[in-house]
Amino acid sequence: ELWKLGIPAKTKHNEVAPAQHELAPVFDTANIAVDHNQLTMEIMKKVAEKHGLTCLLHEKPFEGINGSGKHNNWSLTTDDGVNLLNPGRTPAQNTQFLIFLMAVIKAVDDYADLMRISAASAGNDHRLGGNEAPPAIVSIFLGDELTHVLESIENDTYFGKQEKIQLDTGAPVLPHFLKDNTDRNRTSPFAFTGNKFEFRMLGSAASVATPNIILNTAVAESLDQFYEELKDTDPADMDEAVHALLKRAIQKHKKVIFNGNGYSDEWVKEASRRGLDNLESTPDCLERLLTAKSITLFTKHHIYTEEEIRSRHDILLENYVKTIAIEARTMVDILSRDFLPALLSYTGAVAS
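An account of the accompanying structure is given in this report.

### Structural notes on the packing of helix H6 (residues 209-230) against helix H7 (residues 238-253)
Where H6 contacts H7, the axes come no closer than 11 Å and their chain directions differ by 140°. Between H6 and H7, the angle is such that the two are oblique. Note that H6 runs across H7; the crossing there is right-handed. Contacts from Phe226, Glu229 and Leu230 in H6 reach Met238, Ala241, Val242, Leu245, Arg248 and Ala249 in H7. Across the contact of H6 with H7, the residue classes tally to seven nonpolar, no polar and two charged.

As C-alpha coordinates, then:
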(Lines give C-alpha, C1' and ligand atoms only; values in the text may rest on other atoms or scores of the structure.)
Protein backbone atom coordinates (compact mmCIF):
# COMPACT_ATOMS: atom_id res chain seq x y z
CA GLU A 1 0.00 0.00 0.00
CA LEU A 2 2.88 2.38 0.74
CA TRP A 3 4.61 1.58 -2.54
CA LYS A 4 1.41 2.56 -4.40
CA LEU A 5 1.87 6.07 -2.97
CA GLY A 6 5.57 6.18 -3.81
CA ILE A 7 6.68 5.75 -0.20
CA PRO A 8 9.89 3.67 -0.24
CA ALA A 9 9.20 1.51 2.82
CA LYS A 10 11.90 -1.12 3.21
CA THR A 11 12.75 -2.67 6.59
CA LYS A 12 9.91 -4.39 8.43
CA HIS A 13 10.12 -6.88 11.29
CA ASN A 14 8.66 -7.93 14.62
CA GLU A 15 9.72 -5.93 17.66
CA VAL A 16 9.97 -6.76 21.36
CA ALA A 17 6.40 -6.11 22.53
CA PRO A 18 3.54 -8.41 21.46
CA ALA A 19 2.13 -7.47 18.02
CA GLN A 20 4.70 -4.64 17.79
CA HIS A 21 6.38 -4.10 14.43
CA GLU A 22 9.08 -1.81 13.08
CA LEU A 23 8.99 -0.17 9.66
CA ALA A 24 11.74 1.94 8.08
CA PRO A 25 11.47 4.00 4.90
CA VAL A 26 14.49 4.76 2.73
CA PHE A 27 16.02 8.17 3.55
CA ASP A 28 14.90 11.23 1.59
CA THR A 29 15.03 15.00 1.74
CA ALA A 30 13.47 16.22 4.98
CA ASN A 31 10.20 17.69 3.68
CA ILE A 32 9.46 14.61 1.53
CA ALA A 33 10.37 12.25 4.38
CA VAL A 34 8.04 14.13 6.75
CA ASP A 35 5.15 13.84 4.29
CA HIS A 36 5.86 10.13 3.81
CA ASN A 37 5.92 9.59 7.56
CA GLN A 38 2.54 11.27 8.00
CA LEU A 39 1.02 9.22 5.17
CA THR A 40 2.50 6.02 6.59
CA MET A 41 0.63 6.47 9.89
CA GLU A 42 -2.63 7.05 8.00
CA ILE A 43 -2.14 3.99 5.76
CA MET A 44 -1.27 1.79 8.75
CA LYS A 45 -4.57 2.70 10.42
CA LYS A 46 -6.59 2.16 7.23
CA VAL A 47 -5.04 -1.22 6.46
CA ALA A 48 -5.59 -2.34 10.05
CA GLU A 49 -9.29 -1.43 9.86
CA LYS A 50 -9.64 -3.31 6.56
CA HIS A 51 -8.53 -6.49 8.37
CA GLY A 52 -10.69 -5.94 11.45
CA LEU A 53 -7.76 -4.77 13.54
CA THR A 54 -6.75 -1.53 15.24
CA CYS A 55 -3.35 0.10 14.76
CA LEU A 56 -2.16 1.50 18.08
CA LEU A 57 0.21 4.45 17.70
CA HIS A 58 0.12 5.14 21.45
CA GLU A 59 3.69 5.30 22.74
CA LYS A 60 3.13 3.27 25.90
CA PRO A 61 -0.21 1.44 25.80
CA PHE A 62 0.85 -1.19 28.34
CA GLU A 63 3.02 -1.00 31.44
CA GLY A 64 6.09 -3.19 31.70
CA ILE A 65 6.67 -3.75 27.98
CA ASN A 66 8.52 -1.78 25.33
CA GLY A 67 6.85 1.39 24.16
CA SER A 68 6.71 2.57 20.56
CA GLY A 69 8.79 5.40 19.15
CA LYS A 70 10.47 6.78 16.05
CA HIS A 71 14.14 7.16 15.18
CA ASN A 72 14.71 10.32 13.17
CA ASN A 73 17.86 9.79 11.09
CA TRP A 74 19.25 13.18 10.15
CA SER A 75 22.22 14.43 8.17
CA LEU A 76 23.27 17.50 6.16
CA THR A 77 24.14 17.35 2.48
CA THR A 78 25.18 19.97 -0.04
CA ASP A 79 23.05 20.68 -3.10
CA ASP A 80 25.27 18.33 -5.11
CA GLY A 81 24.98 15.42 -2.68
CA VAL A 82 28.07 15.70 -0.46
CA ASN A 83 27.30 14.45 3.07
CA LEU A 84 28.75 17.06 5.45
CA LEU A 85 28.69 14.58 8.35
CA ASN A 86 30.85 12.01 6.59
CA PRO A 87 34.29 11.92 8.31
CA GLY A 88 36.00 11.44 4.95
CA ARG A 89 39.59 10.41 4.21
CA THR A 90 41.34 13.68 3.26
CA PRO A 91 42.51 16.70 5.30
CA ALA A 92 39.97 19.09 3.75
CA GLN A 93 37.12 16.68 4.42
CA ASN A 94 38.29 16.17 8.00
CA THR A 95 38.18 19.91 8.67
CA GLN A 96 34.78 20.23 7.03
CA PHE A 97 33.43 17.26 9.01
CA LEU A 98 34.70 18.60 12.34
CA ILE A 99 33.17 22.04 11.74
CA PHE A 100 29.75 20.59 10.97
CA LEU A 101 30.00 18.00 13.75
CA MET A 102 30.72 20.74 16.29
CA ALA A 103 27.88 22.86 14.87
CA VAL A 104 25.47 20.00 15.62
CA ILE A 105 26.91 19.38 19.11
CA LYS A 106 26.68 23.11 19.89
CA ALA A 107 23.10 23.27 18.58
CA VAL A 108 21.96 20.31 20.69
CA ASP A 109 23.62 21.74 23.80
CA ASP A 110 22.30 25.27 23.27
CA TYR A 111 18.76 24.16 22.44
CA ALA A 112 18.36 20.85 24.29
CA ASP A 113 15.09 22.10 25.79
CA LEU A 114 13.64 22.65 22.31
CA MET A 115 14.80 19.17 21.28
CA ARG A 116 12.93 17.79 24.28
CA ILE A 117 9.85 19.85 23.36
CA SER A 118 9.90 18.37 19.85
CA ALA A 119 9.37 14.93 21.41
CA ALA A 120 6.87 16.02 24.08
CA SER A 121 3.42 14.44 24.32
CA ALA A 122 1.29 12.76 26.96
CA GLY A 123 1.91 9.32 25.46
CA ASN A 124 5.64 9.79 25.04
CA ASP A 125 6.04 10.95 28.65
CA HIS A 126 5.03 7.39 29.66
CA ARG A 127 7.66 5.90 27.35
CA LEU A 128 10.83 7.92 27.92
CA GLY A 129 13.39 6.55 30.33
CA GLY A 130 13.09 2.77 30.05
CA ASN A 131 12.36 -0.33 27.96
CA GLU A 132 14.78 0.66 25.19
CA ALA A 133 13.52 4.25 25.10
CA PRO A 134 16.03 7.05 25.78
CA PRO A 135 15.73 9.18 28.94
CA ALA A 136 14.28 12.70 29.02
CA ILE A 137 17.80 14.13 29.47
CA VAL A 138 19.10 15.23 26.06
CA SER A 139 22.68 14.07 25.46
CA ILE A 140 24.82 13.03 22.49
CA PHE A 141 26.48 9.64 21.96
CA LEU A 142 29.59 9.94 19.76
CA GLY A 143 31.36 6.67 20.48
CA ASP A 144 34.80 6.39 22.07
CA GLU A 145 36.85 6.94 18.93
CA LEU A 146 35.24 10.22 17.89
CA THR A 147 35.15 11.43 21.50
CA HIS A 148 38.93 10.87 21.67
CA VAL A 149 39.38 12.92 18.51
CA LEU A 150 37.60 15.88 20.12
CA GLU A 151 39.58 15.44 23.35
CA SER A 152 42.79 15.57 21.30
CA ILE A 153 41.75 18.86 19.73
CA GLU A 154 40.75 20.28 23.11
CA ASN A 155 44.00 19.29 24.80
CA ASP A 156 46.37 19.76 21.81
CA THR A 157 47.51 16.17 22.25
CA TYR A 158 48.36 13.40 19.83
CA PHE A 159 45.67 11.16 18.42
CA GLY A 160 46.26 7.53 17.55
CA LYS A 161 49.40 5.42 17.52
CA GLN A 162 51.41 7.63 15.14
CA GLU A 163 53.03 9.97 17.62
CA LYS A 164 54.68 11.90 14.80
CA ILE A 165 51.32 13.43 13.86
CA GLN A 166 49.89 16.02 16.20
CA LEU A 167 46.17 16.42 15.72
CA ASP A 168 45.49 19.41 13.56
CA THR A 169 42.18 19.95 11.81
CA GLY A 170 44.11 19.99 8.53
CA ALA A 171 45.89 16.66 9.11
CA PRO A 172 44.57 13.36 7.69
CA VAL A 173 44.16 11.70 11.07
CA LEU A 174 40.44 11.02 11.32
CA PRO A 175 39.67 7.33 10.89
CA HIS A 176 37.10 6.23 8.34
CA PHE A 177 34.14 5.28 10.52
CA LEU A 178 32.16 2.15 9.80
CA LYS A 179 28.45 2.67 10.16
CA ASP A 180 28.02 -0.18 12.64
CA ASN A 181 30.79 0.70 15.12
CA THR A 182 29.19 3.82 16.62
CA ASP A 183 25.61 2.67 17.15
CA ARG A 184 25.76 0.51 20.24
CA ASN A 185 24.23 2.75 22.90
CA ARG A 186 20.48 2.25 22.73
CA THR A 187 19.91 4.49 25.76
CA SER A 188 21.14 7.66 24.03
CA PRO A 189 18.56 10.15 22.73
CA PHE A 190 20.88 11.57 20.05
CA ALA A 191 23.56 9.28 18.61
CA PHE A 192 26.15 9.66 15.86
CA THR A 193 25.84 6.61 13.61
CA GLY A 194 28.68 6.73 11.11
CA ASN A 195 27.64 9.54 8.77
CA LYS A 196 24.45 10.89 10.36
CA PHE A 197 22.76 11.50 13.68
CA GLU A 198 19.83 9.52 15.02
CA PHE A 199 17.31 11.35 17.24
CA ARG A 200 15.55 8.61 19.21
CA MET A 201 13.25 10.50 21.57
CA LEU A 202 10.27 10.86 19.25
CA GLY A 203 7.01 9.13 20.07
CA SER A 204 5.33 6.74 17.63
CA ALA A 205 2.32 9.03 17.08
CA ALA A 206 4.41 12.17 16.53
CA SER A 207 4.80 14.17 13.37
CA VAL A 208 8.50 14.29 12.55
CA ALA A 209 8.13 17.84 11.20
CA THR A 210 8.76 19.65 14.49
CA PRO A 211 12.01 17.85 15.48
CA ASN A 212 13.47 18.46 12.03
CA ILE A 213 12.45 22.13 12.07
CA ILE A 214 14.08 22.60 15.47
CA LEU A 215 17.23 20.64 14.58
CA ASN A 216 17.68 22.46 11.25
CA THR A 217 17.13 25.88 12.80
CA ALA A 218 19.41 25.26 15.79
CA VAL A 219 22.23 23.99 13.54
CA ALA A 220 21.72 26.97 11.21
CA GLU A 221 22.22 29.26 14.21
CA SER A 222 25.44 27.45 15.19
CA LEU A 223 26.81 27.72 11.66
CA ASP A 224 25.84 31.39 11.52
CA GLN A 225 27.84 32.05 14.69
CA PHE A 226 30.81 30.08 13.32
CA TYR A 227 30.66 32.09 10.10
CA GLU A 228 30.60 35.41 11.94
CA GLU A 229 33.72 34.35 13.84
CA LEU A 230 35.66 33.19 10.77
CA LYS A 231 34.47 35.46 7.96
CA ASP A 232 37.23 38.11 8.31
CA THR A 233 40.07 35.61 8.83
CA ASP A 234 42.98 35.77 6.41
CA PRO A 235 43.10 32.55 4.31
CA ALA A 236 46.68 31.95 5.46
CA ASP A 237 45.51 31.92 9.08
CA MET A 238 42.32 29.92 8.48
CA ASP A 239 43.57 26.53 9.73
CA GLU A 240 44.73 28.04 13.00
CA ALA A 241 41.50 30.02 13.40
CA VAL A 242 39.36 26.93 12.76
CA HIS A 243 41.40 24.91 15.25
CA ALA A 244 40.95 27.63 17.91
CA LEU A 245 37.22 27.84 17.20
CA LEU A 246 36.78 24.07 17.48
CA LYS A 247 38.79 23.97 20.70
CA ARG A 248 36.62 26.66 22.32
CA ALA A 249 33.43 24.98 21.11
CA ILE A 250 34.49 21.60 22.51
CA GLN A 251 35.39 23.11 25.89
CA LYS A 252 32.04 24.87 26.12
CA HIS A 253 29.72 22.15 24.80
CA LYS A 254 31.40 18.84 25.70
CA LYS A 255 29.06 18.53 28.69
CA VAL A 256 26.31 17.28 26.37
CA ILE A 257 28.46 14.33 25.16
CA PHE A 258 27.78 11.11 27.09
CA ASN A 259 28.62 7.58 25.93
CA GLY A 260 27.44 5.70 29.02
CA ASN A 261 24.20 4.17 30.32
CA GLY A 262 21.40 6.73 30.08
CA TYR A 263 19.14 4.66 32.36
CA SER A 264 21.42 4.75 35.40
CA ASP A 265 20.75 6.86 38.49
CA GLU A 266 24.39 7.92 38.31
CA TRP A 267 23.75 9.59 34.94
CA VAL A 268 20.82 11.57 36.37
CA LYS A 269 23.13 12.91 39.09
CA GLU A 270 25.99 13.50 36.66
CA ALA A 271 23.70 15.28 34.19
CA SER A 272 22.51 17.56 36.98
CA ARG A 273 26.12 18.27 37.93
CA ARG A 274 26.87 19.16 34.30
CA GLY A 275 23.90 21.53 34.20
CA LEU A 276 21.80 19.46 31.77
CA ASP A 277 18.01 19.64 32.07
CA ASN A 278 15.88 16.64 33.05
CA LEU A 279 12.47 17.73 31.76
CA GLU A 280 10.46 14.61 32.58
CA SER A 281 6.98 15.74 31.50
CA THR A 282 5.42 17.80 28.72
CA PRO A 283 4.32 20.65 31.06
CA ASP A 284 7.89 20.76 32.45
CA CYS A 285 9.35 21.60 29.06
CA LEU A 286 6.63 23.44 27.10
CA GLU A 287 7.18 26.73 28.92
CA ARG A 288 10.71 26.78 27.44
CA LEU A 289 9.12 27.42 24.03
CA LEU A 290 8.17 30.92 25.21
CA THR A 291 11.59 32.04 26.48
CA ALA A 292 13.25 35.01 24.82
CA LYS A 293 16.04 32.69 23.61
CA SER A 294 13.61 30.37 21.81
CA ILE A 295 11.54 33.17 20.29
CA THR A 296 14.71 34.92 19.06
CA LEU A 297 15.97 31.72 17.40
CA PHE A 298 12.82 31.19 15.34
CA THR A 299 12.14 34.81 14.48
CA LYS A 300 15.77 35.54 13.53
CA HIS A 301 15.75 32.73 10.96
CA HIS A 302 12.19 33.52 9.77
CA ILE A 303 10.84 30.12 10.78
CA TYR A 304 7.97 31.26 13.03
CA THR A 305 6.63 34.60 14.18
CA GLU A 306 6.21 35.10 17.92
CA GLU A 307 2.44 34.69 17.50
CA GLU A 308 2.94 31.36 15.75
CA ILE A 309 5.22 30.15 18.54
CA ARG A 310 2.68 31.11 21.21
CA SER A 311 -0.15 29.42 19.29
CA ARG A 312 1.88 26.20 19.04
CA HIS A 313 2.56 26.32 22.77
CA ASP A 314 -1.17 26.66 23.51
CA ILE A 315 -2.13 23.85 21.12
CA LEU A 316 0.50 21.45 22.52
CA LEU A 317 -0.62 22.19 26.07
CA GLU A 318 -4.30 21.76 25.18
CA ASN A 319 -3.56 18.42 23.48
CA TYR A 320 -1.69 17.26 26.57
CA VAL A 321 -4.46 18.28 28.99
CA LYS A 322 -7.20 16.68 26.88
CA THR A 323 -5.26 13.43 26.41
CA ILE A 324 -4.54 13.06 30.13
CA ALA A 325 -8.19 13.90 30.95
CA ILE A 326 -9.50 11.30 28.45
CA GLU A 327 -7.17 8.62 29.84
CA ALA A 328 -8.16 9.45 33.43
CA ARG A 329 -11.91 9.39 32.65
CA THR A 330 -11.48 6.12 30.76
CA MET A 331 -9.76 4.57 33.78
CA VAL A 332 -12.62 5.70 36.05
CA ASP A 333 -15.18 4.27 33.59
CA ILE A 334 -13.40 0.91 33.47
CA LEU A 335 -13.29 0.76 37.26
CA SER A 336 -16.92 1.76 37.79
CA ARG A 337 -18.45 -0.32 34.95
CA ASP A 338 -16.29 -3.45 34.96
CA PHE A 339 -14.22 -3.90 38.10
CA LEU A 340 -16.54 -2.61 40.83
CA PRO A 341 -19.68 -4.57 39.74
CA ALA A 342 -17.63 -7.78 39.50
CA LEU A 343 -16.01 -7.18 42.90
CA LEU A 344 -19.28 -6.33 44.59
CA SER A 345 -20.98 -9.36 43.09
CA TYR A 346 -18.18 -11.63 44.22
CA THR A 347 -17.96 -10.19 47.76
CA GLY A 348 -21.78 -10.54 48.02
CA ALA A 349 -21.57 -14.19 47.00
CA VAL A 350 -18.77 -14.86 49.50
CA ALA A 351 -20.67 -13.05 52.26
CA SER A 352 -23.80 -15.13 51.55
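Still more ground to cover, so stick around.
### What about unusual backbone geometry?
Located in the positive-phi region is alanine 19, a residue other than glycine, with phi close to 60°. Among the secondary structure elements, alanine 19 is positioned in the loop between strand S1 (9-14) and strand S2 (21-25). We note that histidine 302 has phi near 60°; this positive angle belongs to a residue other than glycine. Its place among the elements puts histidine 302 in the loop between helix H10 (292-300) and helix H11 (306-351). Judged by its relative accessible area of 72%, histidine 302 is exposed.

### Quick word on the sheet that holds strand S3 (residues 72-74)
Strands in a sheet are paired, the pairing made by backbone hydrogen bonds, and the direction either parallel or antiparallel. Across the sheet, which stays open at both edges, the four strands sit in the order S3-S6-S5-S4 with mixed pairing between neighbours. The open sheet is flanked by S3 and strand S4 (140-141), the only strands paired with a single partner. Two strands pair when backbone bridges link them, and S4 and strand S5 (residues 190-192) are joined in this way by two bridges, in the parallel orientation. Within S5, the residue paired with isoleucine 140 across the bridge is phenylalanine 190. Along the sheet, H6 makes contact with S3, S5 and strand S6 (197-199), crossing S3 at roughly 30°.

### A closer look at helix H1 (residues 30-50)
Given a rise of 1.5 Å per residue, 21 residues ought to cover 30 Å, and the 30 Å separating the end C-alpha atoms of H1 matches this to within 8%. Where H1 is concerned, the buried positions are Val34, His36, Asn37, Thr40, Met41, Ile43 and Ala48. Buried residues along H1 sit in contact with S2 and H6. Positive phi shows up at glycine 52, right after H1, with a value of about 75°.

### Remarks on the pairing of S2
Both S1 and S2 contribute to a ladder of five bridges, which runs antiparallel. Paired with lysine 12 across the strands is leucine 23, a residue of S2. Adjacent in sequence and paired antiparallel, S1 and S2 are bridged by six residues, among which alanine 19 carries a positive phi angle near 60°.

Rules used throughout
Throughout this description, residue numbers start from 1 for each chain and increase along the sequence as written. For this predicted model, a pLDDT threshold of at least 70 governs which residues receive local features, and a threshold of 80 or more governs which side-chain atom pairs are given and counted, while totals over whole chains, interfaces and linings are taken from all residues. No hydrogens and no water enter the side-chain calculation; it runs on all heavy atoms of the structure. All axes are obtained by fitting lines to C-alpha atoms, using only the stretch in contact for helices, and the reported angles, taken between N-to-C directions, cover 0 to 180 degrees. Secondary structure elements follow DSSP: runs of H or I no shorter than four residues count as helices, runs of E no shorter than two count as strands, and numbering proceeds from the N terminus. By the definition adopted for this analysis, an angle is roughly parallel if under 35 degrees, roughly antiparallel if over 145, roughly perpendicular if from 65 to 115, and oblique otherwise. For any pair of crossing helices, the crossing counts as left-handed if the nearer helix is rotated counterclockwise from the farther one by less than a right angle, and right-handed if it is rotated clockwise. Contacts are residue-level and defined by heavy atoms, with any inter-residue pair within 4.5 Å sufficient. Note on residue classes: Ala, Val, Leu, Ile, Met, Phe, Trp, Tyr, Cys and Pro are nonpolar, Asp, Glu, Lys and Arg are charged, and everything else, Gly too, is polar. Only protein chains enter the accessibility calculation, which uses a 1.4 Å probe; a residue whose area is less than 20% of its type maximum is buried, one above 50% is exposed, and one in between is partly exposed. Whether two strands pair depends on DSSP finding at least two bridges between them. What a helix should span is 1.5 Å times the count of its residues minus one.

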